[in-house]
Amino acid sequence: MIEGRRGRPAVFLDRDGTLMRDTGPLAAFHPELLYPGVADALLELTARGLPVALVTNQGWVARGALTYREAEQATAGLAGYLERAGVRVLGWAFCPHHPDVDTGPYAGRCACRKPEPGLLLRLAMRHGIDLWRSVMVGDNLIDVEAGRRAGTQSVIVMTGDGSRHRGHIPEGVPVLESVCDLPRLVGRGFWASDYG
Ligand SMILES: [Mg+2]
Ligand SMILES: [Zn+2]
């Protein structure tokens, strides 16, 4: 939380299963992984004054299936692609840790693996984001929970793992078929307070 003055609202987005297909350990971004219409939907948010921020769990790094640098490249690659398409990307962050791994630099519990709010808090601090006017969008209940813990609203999408969670989604959490429906949610005034 920024002290003194209000920050800007942002849309936090999970990466795998939300913006693009989850193909396991990914060392480099390829545009064909993106779900159809994602860039256009995010462009629409940019046009309405809502920048995005990417937050992704990459426990593959702790497990040794990806290097830190590869996880970084894949996430930065996606961010760069979206920026070149005209989307306002404030920043991105990933968690390299995994609680089930007990050796190596990324072993054990951390404060950033979703559902922990660490990634969102870090980006909010760095980019002056007002969490209370922001939203976390993901395909998993851990995304919903990370948003709740960080103080954002949460939205779940039915791409990726999303459909597995039908029937278990906390009350009040909007369910969208995909990220492509986000601009419509904004249009309906989902964001209680002023945005942009
Ligand atoms: Mg996901
Ligand atoms: Zn972590």
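Residues numbered from 1 in each chain as written. Chains lettered and ligands numbered in written order. Predicted model: local features only at pLDDT ≥ 70, side-chain atom pairs only at ≥ 80, totals over all residues. Heavy atoms only, no water.

## Quick notes on the nonpolar core
- With 32 residues, the main nonpolar core has V11, L13, L19, L42, V137, V179 and L182 as its most contacted residues.
- For this core, the element with the most residues is helix α1 (residues 38-47), which contributes five residues.
- Apart from the residues within four sequence positions on either side, V179 is in contact with L13, T18, L19, A41, L42, V137 and V157. (Core = buried A, V, L, I, M, F, W, Y, C linked by side-chain atoms within 4.5 Å. Buried < 20%, exposed > 50% of the residue type's maximum accessible area, 1.4 Å probe, protein only. Helix = DSSP H or I, 4+ residues; strand = E, 2+ residues; numbered from the N terminus. Contact = heavy atoms within 4.5 Å.)

## Section: the packing of aromatic side chains
- Within the structure shown, the criterion is met by four aromatic pairs.
- Ring centres of Y68 and F94 lie 4.9 Å apart, and the angle between their planes is 50°; on these two criteria the pair is classed as tilted. Taken together, the residues span a long stretch of sequence, with Y68 in helix α3 (residues 68-84) and F94 in strand β3 (residues 89-95) at a distance of 26 residues.
- Residue classification places Y68 among the partly exposed positions, given a relative accessible area of 34%.
- With a centroid separation of 6.4 Å and an interplanar angle of 10°, the aromatic rings of W92 and F94 are classed as stacked.
- Since its relative accessible area comes to 4%, F94 is described here as buried. (Phe/Tyr/Trp six-rings, centres within 6.5 Å; stacked < 30°, edge-to-face > 60°.)

## Let's talk about the pairing of strand β4 (residues 135-138)
- Of the two faces of β4, the one carrying V135 and V137 and the one carrying M136 and G138 are both buried.
- As judged from the three bridges shared by strand β1 (residues 11-13) and β4, these two strands associate in the parallel manner. Within the sheet, the bridge partner assigned to F12 lies in β4 and is M136.
- Sheet topology places β4 next to strand β5 (residues 153-157); four bridges connect them, and they run parallel. Across the sheet, M136 pairs through a bridge with S154, a residue of β5.
- Note that the unit made of β4, helix α5 (residues 141-150) and β5 has a crossover that is right-handed. (Pairing = 2+ DSSP bridges. Right-handed = clockwise from strand over helix to strand, strands pointing away.)

## Focus on the coordination of the zinc ion (ligand 2)
- Bound to the zinc ion (ligand 2) are the protein donor atoms C95 (SG), H97 (ND1), C110 (SG) and C112 (SG), situated 2.0 to 2.3 Å from the metal.
- Geometry at the zinc ion (ligand 2) is tetrahedral, judged from the four donor atoms that bind it and their angles of 103 to 116° at the metal. (Donors = N, O, S within 2.8 Å, 3.2 Å for Na, K, Ca; no water. Tetrahedral: all angles 85-135°; square planar, octahedral: opposite > 155°, others 65-115°.)

## Notes on the coordination of the magnesium ion (ligand 1)
- At this site the magnesium ion (ligand 1) is bound by D14 (OD), D16 (O) and D139 (OD), with donor distances of 2.1 to 2.2 Å.
- On the primary sequence, the residues serving as donors to the magnesium ion (ligand 1) are separated as D-x1-D-x122-D. Of the two residues, D14 sits in the loop between β1 and α1 while D139 sits in the loop between β4 and α5, which places them 125 residues apart along the sequence. For the pair shown, D14 and D139 are each scored as buried.

## A few points about α5
- Within α5, the full set of buried residues consists of D143, V144, A146, G147 and A150. Looking straight down α5, one finds that the buried residues subtend no more than 160° of arc, so they occupy a single side.
- Positive backbone phi, at 100°, marks G151, one or two positions downstream of α5. (Arc of directions from axis to C-beta.)

## Things to note about the pattern of salt bridges
- Here the structure, examined in full by the defined rule, presents 13 salt bridges.
- In this structure, the salt-bridge partner of D16 is R15, at a minimum N-O distance of 2.7 Å.
- For R15, a relative accessible area of 1% translates into the label buried.
- Close ionic contact of D130 with R133 constitutes a salt bridge, the shortest N to O distance being 3.2 Å. For the pair D130 and R133, a shared accessibility class is recorded, and that class is buried.
- Among the ionic contacts, a cluster of salt bridges with common partners joins R109, E116, E145, R148 and R149. (Salt bridge = Lys/Arg side-chain N within 4 Å of Asp/Glu carboxyl O.)

## Considerations on the pairing of strand β2 (residues 52-57)
- For β2, the tally of buried residues reaches six of six residues, placing the bulk of the element in the interior.
- Burial along β2 is two-sided: V52, L54 and T56 facing one way and A53, V55 and N57 facing the other are all buried.
- Two strands pair when backbone bridges link them, and β1 and β2 are joined in this way by three bridges, in the parallel orientation. What sits directly across from F12, in β2, is A53.
- A crossover links β1 with its parallel partner β2, the connecting element being α1, and its sense is right-handed.
- Of the strand pairs in this sheet, β2 and β3 are connected by six bridges, and their pairing is parallel. Following the sheet pairing, A53 is matched in β3 by G91.

From the geometry alone we can't say anything about function, so treat these as descriptive.
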